[in-house]
Each structure stands twice: as C-alpha cells, then as structure tokens.
Amino acid sequence: GTPKTFEKYRQGSIFIDPELIRRIDVDKGPHNITQGNGGFGGSVRIETKDPDDLLLPDQNIGMFLKYGHHTNDRQNRYSGAVYGKLLDGQADGLFYFNRRESDDLRRPDGTKFGYSQSDQDSFLIKTNIYLTEAQTLTLSASRSESDGWTPWAAKRDELAKPSQAEVDKYGFDAAMKRKLVYRDQKDDTFSVKWNIQPVDSDLINLTLTYGYSKTKQNDSRPETASSYFSGSMGNQSWVDYRNHQIEIKNESTVMQGALEHKVLVGTRWHRNDRDVLMFTRDKAKNPNYNYGYYAPPYMPEGTQTTTSFYLQDSMSYRNLTITPGVRYDIVKNQGKGSRAITYQDPDPYYGHDYSDVTYSGATPHLGLLWKMNQNFRFFGDLTYTWRAPLIDEQYEVQGRVSSLTGTSRHLDKETVRAARIGAIVDFESVIQQEDQLQLRTTLFDTRGKDEIFRRRGVYCESQKVDGHNGNCPPSIGNYRNLPGYHIQGLEIEAFYNSPNVFGRLAYSTMKGKRDQSPRDPWFGQKTWIAEIQPDALHAT
C-alpha cells in the first residue's frame, strides 16, 4: 500500500532485502485497473512477511538467527527475527534485522568488478491487531541503510584508471576515489491498513490504507576531486523523494441469478515530492548560481499529485468471466523555481516557467477469462491508458545562452493502447504425487502515441528545411511529444513444482519500432527502439 519512486538518473534504485519479502505480484502491461498514471510496462507489488508466516502451529513466540556466506564477493549475511502473538490471538508482532557485508564481485574470468562492494542494514517492524472478528489493523515500518564508495553512475562497466601523474600526486587509493562518490542512502517505509470484512456480508470488504515512504541519497566527492562536476550532480548532492498515499477501496460479491458480480470500487490520493540540491565548487563565488548551491537544471524540484477513481465489475457465468473497468486520474505537476538566477529568468522569451500543469483522463479496460475445463484457461485484455510527464520532463531547463532554454509545459499526455492474449495449461501428478506442471504463453501488442522524449537533434520542423535552429520558436522546451511507437512480444513459460523439486523454463522475444527518429520526428521512416530487451531464455 505504499508507493516507491526513485527517478534519479543512472543512480540505481531501491533495494529491498529478499529476507523481508512474503510475496511479489508482477502485473505485466497496463491492465491492472487499480494502478494508474504511468504504469505502461506494468507494476510490482511487494508484501512483507507476517508473524504467522514464521510461527509453527500452536506456537505463540519464536525467533531465529541466520548466517550466510557468498563465495563470489565474500559476502557475510547476518539476520535474525523475534516474533509472536498474544495467547488470546488479539494481536501479533514481528521484529526483523538483516546485515550484509561484501567485497567486490568477481566476473566469470576472475577479474574483480571494482567498487561493487556493499554494506547494508535492513529492519522491519510489523504488527496486526485484530480489533474484532471482522476488523484488522496492520502497522508496518521498515528501513534500509547503505553507504560506501561507488561510481557516480550505476550503469557502468570497468572504471577508468587514474593516470600515472594522478597516482604520483595523490596515491592510487586517493586517485581512484577522485573518480567516485561516497554514497549514503536511507530508505524508509511506513504503512497503516485497516480492513473490515463482516462474516455475514458479501457486500463489505472495505480497506483503508495510508502509506508513507522516503528515500534520501547523499553523494560526496573527496576534497581533492575536480571542481567541474555540474553535469553530474556537483561535488556534493542531497536528493529526497517522499510519497504520501491514501487509498480506500471496497470489494463486493453480488449474485444475479446464475451471474456472479465481483465489484471493486476505490479512490486513491498520491503525492510525490522531490527535493534536490547540489553544491558545485566551480560556482561557489558566482551569485547567478546561488554560490554553487542549486538544483541541477536537468533534475528540477517539484511535486506531482494524483487523484484517482476506479470501478471494476468481474462478471462470471459458468466458465466465462468478463471484466470491464474504468479508471479516472487527475494529475497536477507543480514545479519549484531554481535557486540559481540563471535558471529563473522572468523574461518569457527564455521560458523559465515553473507554474502548475494539470492533466486528466480516463483509462477503460476490458478483460476476458474462459476456463475451457479444469486444465485449460484462455485470457485476453484490452486497455487504453495514458501518463502525464514526470517532473523532470516537464520542468527541465537550460541557461539563457543555450538554444533549448524553456520548461516543457506544452507537453501532451503520452497514450498507449495495449492488448494481450494467452493460454494457461495446468496438470497435476505428472511425474510424482502432489506435483504440478503449468504451461503459460502470452502474446502482447502495444501501440503508443505522443511519446514524451528529450528534444535533441532536429529541434523543430523549420530546422529540417533550412538546416539550422535559428528559426525555431523562442523558449522552446527541452522535451517534446514524438509521433508514436509499436512494440510486440511473445512469452512462453513452464513451471514445475513438487514437494522436493521445482523448476522454471521461460523464453521471451520482443521487437519495437518508433514511427520516426527520436532525434528527428520528420525523419520519414521507422527506427528501431534501442531499449527493447534481447531475446532471452531462462532455466532454473
């Protein structure tokens, strides 16, 4: 019930210790009506463990200690938990701790992957209070902490080695650290969930959830590092991402003759705040750059607030289930003016406009599930949805001397029409008693329009004609809407599970093209999408 967002460019993401996880649900594509603005690729929901997951039958209190070792990076892992429930069963609780310490990873050829070591602590506190037979209150808090020397960009390969002159001047260790940052990251998550489900009513299964999350990342470069890092978050940076979310939803079951309705109705309010500050030493004496303390123009501060409403009815008749649904989102982007005068020019010619922009629209969805018999199921989904620009995309600017100076308040919503069809086949007692075999295949087709993309290359159509951007409109934004794209794919999966053996075999293939070039929307022919994943075959 708590959203996690992390949009810092090439800086990794949030790590959640697997020891804490009870269940992961992956919804592929934008077909989950409860997930709104932005979830084109899908959504991942993670549920942490409860005390009941650890307690043995008829046990009221327990604990465990665990030690693990990885040979590749010489990682030591220490974890432990204390958990229990009251004798009358009115409440339970769990406290969990995990620590990981490791050296650098080794590649298959035996060489080390420099500065890939980790040092991390994770905590989880969780309690369920059973207020009545029908009501449950769940409180949860978790924290993850990590720090250490690391490359500024998480996406990298072998680090550039310091020159001999740098080694002679600083020593090898200090010369290497001049190319690194010391990263201190803290990630907190809190949630409160109240559920009421009367045993004598099929109409009420009401859940009210409040979630809060905060991710702080502080990067520091050594004093001996260069002063010219304004393009990569400066000599020191502070980034905070905060999420508040309130959601209320109800699930009802209604019989209408032989037709069963499962009705889901809900509303959600989500606020995402981004606070960004860097210090770049080369601007320390320049008042136009607030003496070196300002948010990077490519990573502006701001707030995105989303208010959502959704309604879905799963109608089942014998072996057929049809699920129509609709969601409506209102998204408000609020920019936060830069501390640097250079990026806060009041002249409209430069387009440094951080004022609010609001987007709204509906997401209709139709799902189909047919159980041909106890072994064969066929499914299909069709969804039309959209997303609003991120704060980065809407409010990135450049200085007055640049050719792309303005924010991108002109952006339209990016839309997508997604379809998928597939089949699931289940068998039991295939090789031995109590085993299960599942085969699953999915075909999907996604058509996107008005893709939000950084403006580079050919800035405007007149530049395409006369060869230079001097005739492009003033205050032109850093982002624009591209015509569209088309992505298609196939997945084939096989799962085997038994009391003593389990396995998985999965194959996926995708292809995708844009209608035009991302650098030149008037290119006149389709271009491959570079980010499409390669064909993959996985066996476990």
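Residues numbered from 1 in each chain as written. Predicted model: local features only at pLDDT ≥ 70, side-chain atom pairs only at ≥ 80, totals over all residues. Heavy atoms only, no water.

Looking at the overall build of the chain
Working step 1: Looking only at helices and strands, the chain features four helices and 24 strands.
Working step 2: Principal-axis analysis of the C-alpha atoms gives the chain an extent of 70 × 55 × 45 Å.
Working step 3: Within the chain, buried positions represent 43% of all 540 residues.
Working step 4: When contacts within the chain are restricted to residue pairs at least 6 apart in sequence, long-range pairs at least 24 apart make up 67% of them.
Working step 5: Accessible area for the chain stands at about 28400 Å²; split by element, carbon and sulfur atoms hold 56% of it.
Working step 6: A gap of 5 Å separates the mean positions of the 68 positive and 69 negative side-chain charges of the chain. (Helix = DSSP H or I, 4+ residues; strand = E, 2+ residues; numbered from the N terminus. Buried < 20%, exposed > 50% of the residue type's maximum accessible area, 1.4 Å probe, protein only. Contact = heavy atoms within 4.5 Å. Areas by Shrake-Rupley, 256 points an atom, 1.4 Å probe, with all protein chains shown as cover. Lys, Arg positive; Asp, Glu negative; His and termini not counted. Charge placed at Lys NZ, Arg CZ, Asp CG, Glu CD.)

Some thoughts on a nonpolar patch on the surface
Working step 1: Together, Leu320, Ile322, Leu366, Leu368, Trp370, Met372, Phe378 and Leu382 give the surface a local cluster of nonpolar side chains, amounting to about 670 Å² of exposed area.
Working step 2: Listed by contribution, the elements that provide at least two residues to the nonpolar patch are β16 (320-336), β17 (357-371) and β18 (376-387).
Working step 3: Top contributing element to the nonpolar patch by residue count: β17, with three residues.
Working step 4: With relative accessibility at 32%, the residue isoleucine 322 sits in the partly exposed group. (Patch = residues over 30% accessible without salt bridge, like charges linked within 9 Å, V, L, I, M, F, W, Y side chains within 5 Å. Salt bridge = Lys/Arg side-chain N within 4 Å of Asp/Glu carboxyl O.)

Comments concerning the pairing of strand β15 (residues 301-317)
Working step 1: For β15, the buried fraction is high: 12 of the 17 residues fall into the buried class.
Working step 2: Judged from the 15 bridges that link them, strand β13 (residues 259-279) and β15 form a sheet pairing that is antiparallel. Bridge pairing in β15 links arginine 274 to glycine 302.
Working step 3: Two strands pair when backbone bridges link them, and β15 and β16 are joined in this way by 15 bridges, in the antiparallel orientation. Looking across to β16, one finds that phenylalanine 309 is bridged to tyrosine 328.
Working step 4: The hairpin turn running from β15 into β16, its antiparallel successor, is two residues long, and arginine 318 in that turn takes a positive phi close to 55°. (Pairing = 2+ DSSP bridges.)

Let's talk about unusual backbone geometry
Working step 1: Positive phi, close to 65°, is recorded for aspartate 58, a residue that is not glycine.
Working step 2: Within the secondary structure, aspartate 58 is located in the loop between β2 (42-48) and β3 (61-70).
Working step 3: According to the relative accessible area criterion, aspartate 58 is exposed, its value standing at 80%.
Working step 4: Phi is positive for asparagine 290, close to 55°, though the residue is something other than glycine.
Working step 5: Position of asparagine 290 among the secondary structure elements: in the loop between β13 and β14 (293-294).

Regarding the confidence of the model for the chain
Working step 1: Residues of the chain with pLDDT of at least 70 account for 99%, and the chain-wide mean is 93.
Working step 2: The spread of mean pLDDT over the elements of the chain runs between helix α4 (residues 461-466), the lowest at 80, and β14, the highest at 98. (pLDDT = per-residue confidence, 0-100.)

What about the packing of aromatic side chains?
Working step 1: Tallied over the entire structure, the rule returns 14 aromatic pairs.
Working step 2: Ring centres 6.4 Å apart and planes at 25° place the aromatic pair tryptophan 238 and tyrosine 293 in the stacked group. Of the two residues, tryptophan 238 sits in strand β12 (residues 236-256) while tyrosine 293 sits in strand β14, which places them 55 residues apart along the sequence.
Working step 3: Residue tryptophan 238 is classed as partly exposed on the basis of its relative accessible area, which comes to 29%.
Working step 4: Overall, the relative accessible area of 37% leaves tyrosine 293 in the partly exposed class.
Working step 5: Relative to tyrosine 395, the ring of tyrosine 354 has its centre 6.3 Å away and its plane inclined at 20°; by these criteria the two rings are stacked. Placement of the pair is tyrosine 354 in the loop between β16 and β17 and tyrosine 395 in helix α3 (residues 391-395), with a sequence separation of 41 residues.
Working step 6: The positively charged end of lysine 283 is found above the aromatic ring belonging to tyrosine 289, 5.0 Å away from the centroid. (Phe/Tyr/Trp six-rings, centres within 6.5 Å; stacked < 30°, edge-to-face > 60°. Lys NZ or Arg CZ within 6 Å of the ring centre and 35° of its normal.)

So, the pattern of salt bridges
Working step 1: Enumeration according to the criterion identifies 49 salt bridges in this entry.
Working step 2: Across the pair lysine 4 and aspartate 187 runs a salt bridge whose closest N-O atoms are separated by 3.0 Å. In this pair, lysine 4 is assigned in the segment before β1 (21-28) and aspartate 187 in strand β10 (residues 181-196), connecting sequence segments 183 residues apart.
Working step 3: When the shortest N-O distance is used, the salt bridge between arginine 447 and aspartate 515 registers 3.1 Å. Linking arginine 447 in strand β20 (residues 436-454) with aspartate 515 in the loop between β22 (502-514) and β23 (527-528), this pair joins segments that are 68 residues apart in sequence.
Working step 4: Accessibility expressed as a relative area gives 15% for aspartate 515, which makes it buried.
Working step 5: By sharing partners, the salt bridges in this structure join Arg22, Glu47, Asp50, Asp53 and Lys126 into a single network.

Focus on the nonpolar core
Working step 1: Within the largest apolar cluster, 17 residues are counted, with the highest numbers of intra-cluster contacts made by Tyr294, Tyr343 and Tyr359.
Working step 2: Breaking this core down by element, the ones donating at least two residues are β17 and α3.
Working step 3: Setting aside chain neighbours within four positions, we find tyrosine 359 in contact with Asp329, Ile330, Val331, Asn333, Trp386, Ala388, Pro389, Gln394, Arg409, Leu411, Asp412 and Lys413.
Working step 4: By size, the runner-up hydrophobic cluster in this structure holds 10 residues, among which are Val181, Met233, Val276 and Ala295. (Core = buried A, V, L, I, M, F, W, Y, C linked by side-chain atoms within 4.5 Å.)

Things to note about the environment of proline 300
Working step 1: Position of proline 300 relative to the elements: it lies in the loop between β14 and β15.
Working step 2: Residues proline 300 and glutamate 396, spaced 96 residues apart in sequence, show a C-alpha to C-alpha distance of 6.1 Å.
Working step 3: Setting aside residues up to four positions removed in sequence, proline 300 forms contacts with Arg274, Val276, Ile391, Asp392, Tyr395 and Glu396.

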